[in-house]
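# A closer look at the structure
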Amino acid sequence: GRNYDHGSIDVHTHCYLPRYMEVLRNRHPNVPYVIPDPRDSTLDERYVILPGEDNDPTSAIGRPIGEEYFCVKEKLRYMDRHGIAISVMSLANPWLDFLPKDDAVAMSTLLNDDLQEISEDSKGRLYGFATLATQDPIAACKEVERLATSQRMIKGVILGTSGAGKGLDDPALEPLYETLAKHNFPVFLHPHYGLGNEHYNNTGHSLFLALGFPFETTMAISRLILSGAFDRHTNLKFLLAHAGGTLPFLAGRLDSCVSGDHEMCDKLMHPPTYYMKKNFYYDSVIYTTPALQSVIDLVGSDKLMYGTDNPFFPPKEGARSDAEWPSTAKNYDAIDGLEDESVRNAIVYGNASNILGIDLLE
Ligand code: 5CU
């Protein structure tokens, strides 16, 4: 990062690959979609991603979407501006969730090949988390097999919380978990739908993103723990977005409530915190030192990896200005506030290098 010898490795950074942008441009009026700005087609296109973003008559529809969302050159420029040496890019939400099964399967292979090619051409600066068509878990298994054997720049997969439509604890996903564990492919778990959304009226996206997103991650991964998935797939690894949602804070409560429920307790070989330490990694996108410290205290400093959430949360001056991104700066500040230098280095680049097998740049 700005003060780190090797620069940082960003494991939470998104790109809507050009091929995916074309899908978004052909969906109006079905959310998510991209349209030319209705007021002036020379301005950035507009992106409608979240429910309700297209029904506010007082503002322009959606949000501007420009090269920062889909152009590798912009990603590299942002990285250079913020001391990021290496990015492990993933498609952003909502991935292929909205596509019919066969279309999703075909698109997943094309997008993953695009990601591999972009990464191969990047001189060690870019890697990828692949996208899977979880609507079809068996096809998703085949794609993981293909990627693990032929696409070396792919370091894992990004998954949302919907799975094949019934959540991550759906037995239909068991073969996928087995395949991912076999190939040592971590799952980067990322929210999209929010949880508790009925409570967030008149707050823009603030509470949806600040609360709904982490609550969704917390719920999805807690269900998966309680399904016994990590007893069946002991080597399955998850990287949890936004430092695990609220899971680290609620860990003790989860343990206590499970142990107090004797039927549930007997179904698991260990208390939930056991899996939180053994099977999970956590990104650093949580913005305060005390929050990072609490994750470290719970699971150890070797489990956290630096992330930015780029290109979301751009500066007021615009994503393509030369301004520093306050969201990125705040994230670095949170890490800088940790006392131990070796811990800071581990979070900023060391852990990602070790865990994902990424060569540091000179
Ligand atoms: O601002 C947003 O809508 C988002 C989003 O959709 N996904 C994400 O990762 N961060 C922010």
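Residues numbered from 1 in each chain as written. Predicted model: local features only at pLDDT ≥ 70, side-chain atom pairs only at ≥ 80, totals over all residues.

Looking at an unreviewed UniProt entry, one finds the protein named Amidohydrolase-related domain-containing protein and attributed to Triparma strigata. Here is the UniProt Sequence similarities (unreviewed entry) comment for the protein, exactly as written: "Belongs to the metallo-dependent hydrolases superfamily." (UniProt positions renumbered as here; feature names shortened; annotations may be inferred.)

Moving on, we get to the overall build of the protein. Looking only at helices and strands, one finds 14 helices and 11 strands in the protein. Its C-alpha radius of gyration of 20 Å places the protein within 12% of the 21 Å reference for a compact globule of 362 residues. Along the three orthogonal principal directions, the C-alpha set of the protein runs to about 60 × 45 × 45 Å. Burial statistics for the protein: of 362 residues in total, 45% are counted as buried. Partitioning the contacts of the protein with sequence separation of at least 6, the portion at a separation of at least 24 is 68%. (Helix = DSSP H or I, 4+ residues; strand = E, 2+ residues; numbered from the N terminus. Rg over C-alpha atoms; globule rule 2.2 N^0.38 Å. Buried ≥ 20, exposed ≤ 12 C-beta atoms within 10 Å, placed from the backbone. Contact = placed C-beta atoms within 7 Å.)

What follows is about the packing of helix H5 (residues 137-150) against helix H6 (residues 174-182). Two elements in contact, H5 and H6, have axes separated by 8 Å at closest approach and are oriented at 10°. Judged by the inter-axis angle, H5 sits roughly parallel to H6. Residues Pro-137, Ile-138, Ala-140, Cys-141, Val-144 and Glu-145 of H5 touch H6, and the partners they reach there are Pro-175, Leu-176, Thr-179 and Leu-180. Taken together, the residues of the contact of H5 with H6 sort by class into 8 nonpolar, 1 polar and 1 charged. (Axes fitted to C-alpha atoms, helices over the stretch in contact; angles between N-to-C directions. Parallel < 35°, antiparallel > 145°, perpendicular 65-115°, else oblique. Nonpolar A, V, L, I, M, F, W, Y, C, P; charged D, E, K, R; others polar.)

Around the ligand, the neighbouring residues are Ile-49, Leu-50, Ala-92, Asn-93, His-205, Leu-209, Asp-309 and Phe-312. In terms of residue class, the shell around the ligand is made up of 5 nonpolar, 2 polar and 1 charged. (Near = placed C-beta within 6 Å.)

With respect to the element layout, Asn-351 can be found in helix H14 (residues 341-356). The spatial distance from the C-alpha of Asn-351 to the C-alpha of Asp-302 is 6.0 Å, given a sequence separation of 49 residues. The residues contacting Asn-351, other than those within four sequence positions of it, are Asp-302, Leu-304, Met-305 and Ala-346.

Where helix H13 (residues 326-336) is concerned, the buried positions are Thr-328, Asn-331, Tyr-332, Ala-334 and Ile-335. The buried residues of H13 all sit within an arc of 155° when viewed along its axis, so they share a single face. In the core, the buried residues of H13 are packed alongside helix H12 (289-299) and H14. (Arc of directions from axis to C-beta.)

Here we take up the environment of Glu-263. Structurally, Glu-263 is set in helix H10 (residues 262-267). On the basis of neighbour counts, which here come to 6 C-beta atoms within 10 Å, the residue Glu-263 falls in the exposed class. Residues Glu-263 and Ile-355, 92 residues apart in the sequence, show an inter-C-alpha distance of 35 Å.

Across the sheet, which stays open at both edges, the 3 strands sit in the order S2-S3-S4 with antiparallel pairing between neighbours. One side of each edge strand has no neighbouring strand; the edge strands of this open sheet are strand S2 (33-35) and strand S4 (63-65). Between one strand and the next, the sheet's axes are offset by a mean angle of 40°, whatever the strand orientation. Sheet analysis places strand S3 (residues 45-48) next to S4, joined by 3 bridges and oriented antiparallel. Each bridged residue has a counterpart across the sheet, and for Glu-45 the counterpart in S4 is Ile-65. (Pairing = 2+ DSSP bridges.)

This next bit is on the pairing of S3. Two elements, S2 and S3, share 3 bridges in a ladder whose sense is antiparallel. From the neighbouring strand, Tyr-33 faces S3, where its bridge partner is Val-48.

Taking burial as the measure, the 7 residues of strand S1 (residues 8-14) include 7 buried ones, the bulk of the element. Bridge analysis of S1 against strand S5 (residues 84-90) gives 5 bridges, and the strand direction is parallel. Looking at S5, one finds that Asp-10 is bridged to Ser-87.

Attention shifts here to the sheet that holds strand S7 (residues 154-159). Spatial ordering of the open sheet is given by S1-S5-S6-S7-S8-S9-S10-S11, a layout of 8 strands whose pairing is parallel. The open sheet has two free edges, formed respectively by S1 and strand S11 (304-305), since each of these has just one partner strand.

Before going further, it helps to spend a moment on the confidence of the model for the protein. Averaged over every residue, the pLDDT of the protein is 96; residues scoring 70 or more account for 98%. Predicted complex, confidence summary: ipTM 0.95, pTM 0.97. (pLDDT = per-residue confidence, 0-100.)

Tracing the backbone shows Val-48 in strand S3. Sequence separation of Val-48 and Leu-24 is 24 residues, and the distance between their C-alpha atoms is 9.3 Å. Not counting residues within four places of it along the chain, the set of residues in contact with Val-48 comprises Val-31, Pro-32, Tyr-33, Glu-53, Asp-54, Ile-61 and Gly-62.

Another aspect to go through is H6. Residues spaced three or four apart along an α-helix face the same direction, because each turn holds 3.6 residues. If you check which residues of H6 are buried, you get Leu-176, Tyr-177, Thr-179, Leu-180 and Ala-181. In this structure, the buried residues of H6 make contact with H5, S7, strand S8 (187-189) and helix H8 (229-232). A positive phi of about 60° marks Asn-184, the residue just after H6.

Moving on, we come to the UniProt feature "domain: Amidohydrolase-related" (unreviewed entry) in the protein. According to UniProt, the positions carrying the feature "domain: Amidohydrolase-related" (unreviewed entry) are residues 111-357. Across residues 111-357 one finds 50% helix and 10% strand; the C-alpha atoms that close the span lie 22 Å apart.

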